[in-house]
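Residues per chain are reported as follows:
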Amino acid sequence: MNNNVDAEILRRLSLAEDYIVSNYDRNIKLDDIAWAACLSVNHLLRTFKQTYQQSPHQYLTRFRLQQARHYLKNTDYPVNEIVAMVGFECPSSFIRLFKSSFNVTPGQYRF
């Protein structure tokens, strides 16, 4: 690839990242991210992973967990409400992911 193509791909990946960050609280589909970035799903998956060392789904999950951590520290919202606010559908899977990512449960993190 030449530099112009590289720059264009990076610009499109930035659009994908922006889409994820702006819509993390919704049920995002890979097709939606690819559409926002003007890339095919396969091209998005390949180049996103090369650039960010994680898939779009992994990026979304990590972003959601960071947002949840922020809400736990800075608000009094119940955990189940935070789960919904950051786009997770299942509280038990959220708690498992949170614990595996931060080595504490959401309740322990809050206090």
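This text goes with the structure placed above it.
Below is a short write-up of the structure. Predicted model only: the values in this text are computed from it and were never measured.

### A closer look at unusual backbone geometry
Here's step 1: The phi angle at Cys38 is positive, at roughly 55°, despite the residue not being glycine.
Here's step 2: You can call Cys38 exposed: its relative accessible area is 52%.
Here's step 3: Despite not being glycine, Gln53 shows a phi value in the positive range, around 60°.
Here's step 4: Following the sequence through the fold, Gln53 ends up in the loop between helix H3 (41-52) and helix H4 (56-74).

### Some words on the environment of Leu45
Here's step 1: For Leu45, the location among the structural elements is in helix H3.
Here's step 2: Residues Leu45 and Leu30, 15 residues apart in the sequence, show an inter-C-alpha distance of 8.8 Å.
Here's step 3: Every residue in contact with Leu45, bar those within four places of it in the chain, is listed here: Leu30 and Pro56.

### A word on the nonpolar core
Here's step 1: Core analysis: the largest hydrophobic core is formed by 25 residues, its most contacted members being Leu44, Phe48, Val86 and Phe94.
Here's step 2: Secondary-structure elements contributing two or more residues to this core are helix H1 (3-23), helix H2 (30-37), H3, H4, helix H5 (79-85) and helix H6 (91-102).
Here's step 3: Looking at this core, the element that brings in the most residues is H4, giving six residues.
Here's step 4: What Val86 contacts, discounting residues up to four positions off in sequence, is Tyr24, Asp25, Arg64, Gln67, Ala68 and Tyr71.

Basis of the calculations
Residues numbered from 1 in each chain as written. Predicted model: local features only at pLDDT ≥ 70, side-chain atom pairs only at ≥ 80, totals over all residues. Heavy atoms only, no water. Buried < 20%, exposed > 50% of the residue type's maximum accessible area, 1.4 Å probe, protein only. Helix = DSSP H or I, 4+ residues; strand = E, 2+ residues; numbered from the N terminus. Contact = heavy atoms within 4.5 Å. Core = buried A, V, L, I, M, F, W, Y, C linked by side-chain atoms within 4.5 Å.

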